[in-house]
Amino acid sequence: MNNCEGCPLGMFSTKSKCLTGVGNPMSGKIIVVPNIDREAYKNESMSFSSYVDIITHLLIPSIGRIEELDCYIAPFIRCKLDEKCPITRDIASKCMQYTFAEITQYNIRKVMFMGSAAFYAKFP
């Protein structure tokens, strides 16, 4: 799948594009966070995302490790945000296709959109 081709946001993401989620995609549950943050972009992995860190520590305060979290955490907007390139319907639609493909591929039955990811999902 190459939904990123021709996406204007991808032109601003030079280090890493279209980051995938972390956790257990086979759990049947996904938490969709709004976007990749600075640490995830810098380290080229959602494992370093503050979203993942917060979710992990809130949901599993005694364990606090993503390996023990029985869900999959994925970004809705999969490239680094840039103020020079606002999120448009086209960008949201391209990113949504990745999210829906994962939901289908992993037979996910429970979905939670966090923050502006819910707004982006209604955007297209």
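It should be noted that the structure appears before, not after, this text.
This write-up is about the structure you can find in this document.

Here is what the cut-offs are and how they apply
- Residues numbered from 1 in each chain as written.
- Predicted model: local features only at pLDDT ≥ 70, side-chain atom pairs only at ≥ 80, totals over all residues.
- Heavy atoms only, no water.
- Helix = DSSP H or I, 4+ residues; strand = E, 2+ residues; numbered from the N terminus.
- Buried < 20%, exposed > 50% of the residue type's maximum accessible area, 1.4 Å probe, protein only.
- Areas by Shrake-Rupley, 256 points an atom, 1.4 Å probe, with all protein chains shown as cover.
- Patch = residues over 30% accessible without salt bridge, like charges linked within 9 Å, V, L, I, M, F, W, Y side chains within 5 Å.
- Salt bridge = Lys/Arg side-chain N within 4 Å of Asp/Glu carboxyl O.
- Pairing = 2+ DSSP bridges.

1. Quick word on the overall build of the chain
At step 1: Across its full length, the chain carries 5 helices and 4 strands.
At step 2: Sequence-ordered secondary structure for the chain, helices as α and strands as β, is α-β-β-α-α-β-α-β-α.
At step 3: Buried positions account for 44% of the 124 residues belonging to the chain.
At step 4: Carbon and sulfur atoms provide 54% of the accessible area of the chain, an area that totals close to 6,900 Å².

2. Here we look at a nonpolar patch on the surface
At step 1: On the surface, Ile54, Leu58 and Leu59 cluster together into a nonpolar patch covering about 330 Å² of accessible area.
At step 2: When you line up the elements, Leu59 lands in helix H3 (residues 50–59).

3. What about the pattern of salt bridges?
At step 1: Under the criterion given, the structure shown has 3 salt bridges.
At step 2: Glu102 serves as the salt-bridge partner of Arg78, at 2.7 Å between the closest nitrogen and oxygen. Of the two residues, Arg78 sits in strand S3 (residues 72–80) while Glu102 sits in helix H4 (residues 89–105), which places them 24 residues apart along the sequence. The two residues Arg78 and Glu102 agree in class, both being buried.

4. Overview of the pairing of S3
At step 1: A large share of S3 lies buried, amounting to 8 of its 9 residues.
At step 2: Across 2 bridges, strand S1 (residues 22–23) lies against S3 in antiparallel orientation. Residue pairing for S3: Val22 is matched across the bridge by Ile73.

Read these as geometric descriptors, not functional statements.
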